[in-house]
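# Coordinates in review
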Amino acid sequence: MIRKVTAADADAIATIYNHYIVHSTCTFEEELVSVQQMTERIETLIDSKMPWLVYEHQGQVIGYCYAKQWNARSAYRFTAESSVYLSPECR
């Protein structure tokens, strides 16, 4: 099931995301993200016009995606950066 993210998803999303911090360079982050930090990120973007969705299978979040404004300059107003992360077991 694909659905909108909620703050309750922060733990599962942080677990998925932290895997990519440790095992890849795709996030450009060097420190693990806490559940609290992920909750804050979700709450910041959840009210934006851009989507933040999770993919749930058998009641477990196994992936998520979101879009955010790429650049605040007016000429970029129709552009977005999208990100998709899957649980490593589901890639």
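In this text the structure is predicted, and so the values were computed from the model without any measurement.

Parameters at a glance
- Within every chain, residues take consecutive numbers counted from 1 along the sequence as written.
- Confidence filtering applies because this is a predicted model: local features only for residues at pLDDT of at least 70, side-chain atom pairs given and counted only at 80 or more, and all residues used for totals across whole chains, interfaces and linings.
- Hydrogen atoms and water are omitted, and side-chain values are computed over all heavy atoms in the structure.
- Points on a 1 Å grid over protein atoms alone make up a cavity when a 1.4 Å probe fits among them but cannot get out, and a pocket when they form an open set with protein on both sides within 12 Å along at least five of seven lines; lining residues each have an atom within 4 Å of a point.
- Grid points are joined across faces, edges and corners, and a volume is the space filled by probe spheres set on the points.
- Secondary structure is summarised from DSSP: a helix means a run of H or I of at least four residues, a strand means a run of E of at least two, and numbering begins at the N terminus for each.
- Residues are grouped as follows: nonpolar covers Ala, Val, Leu, Ile, Met, Phe, Trp, Tyr, Cys and Pro; charged covers Asp, Glu, Lys and Arg; every other residue, Gly included, is treated as polar.
- Confidence of the prediction at every residue is given by pLDDT, a number between 0 and 100.
- How far a helix is expected to stretch is found by multiplying one less than its residue total by 1.5 Å.
- We call a residue buried when its accessible area falls under 20% of the maximum for its residue type, exposed when it is over 50%, and partly exposed in between, using a 1.4 Å probe and counting protein chains only.
- Taking the helix axis as origin, the arc is that swept by the directions to the C-beta atoms.
- We call two residues in contact whenever any of their non-hydrogen atoms come within 4.5 Å of each other.
- Two strands pair if DSSP finds at least two bridges between them.
- To get an axis, a line is fitted to the C-alpha atoms, and for a helix only the part in contact is used. The angle between two axes follows their N-to-C directions and goes from 0 to 180 degrees.

### A look at the layout of surface pockets
- Taken as a whole, the largest pocket spans an internal volume of roughly 230 Å³.
- The wall of the largest pocket is formed by 14 residues, among which Y17, E29, R41, Y66 and K68 lie closest to the centre.
- Within the residue set of the lining of the largest pocket, elements represented by two or more residues are helix 2 (35-46), strand 3 (60-69) and strand 4 (80-86).
- Residue classes in the lining of the largest pocket are distributed as eight nonpolar, two polar and four charged.

### Examining the confidence of the model for the protein
- The predicted model of the protein averages 93 in pLDDT, with 100% of residues at 70 or higher.
- Predicted confidence in the protein is weakest over helix 2, with a mean pLDDT of 90, and strongest over helix 1 (residues 10-23), with 98.

### Details of helix 2
- For helix 2, which comprises twelve residues, the first-to-last C-alpha distance of 16 Å matches the rise-based estimate of 16 Å (1.5 Å per residue) to within 8%.
- What helix 2 keeps buried is the set M38, T39, I42 and L45. Mapping the buried residues of helix 2 onto a view down its axis gives an arc of 140°, with all of them on the same face.
- Buried residues along helix 2 sit in contact with helix 1, strand 2 (52-57) and strand 3.

### Section: the sheet that holds strand 4
- The sheet built from four strands is open, its strands ordered 1-2-3-4 with antiparallel pairing. For this open sheet the edge positions go to strand 1 (2-4) and strand 4, each flanked by a neighbour on one side alone. Ignoring which end each strand starts from, the neighbouring axes of this sheet average 20° apart.
- In this structure, strand 2 lies alongside strand 3, joined through six bridges in antiparallel fashion. From the neighbouring strand, E56 faces strand 3, where its bridge partner is V61.
- Packed on one face of the sheet, helix 1 meets strand 2, strand 3 and strand 4 and runs near 75° to strand 3.

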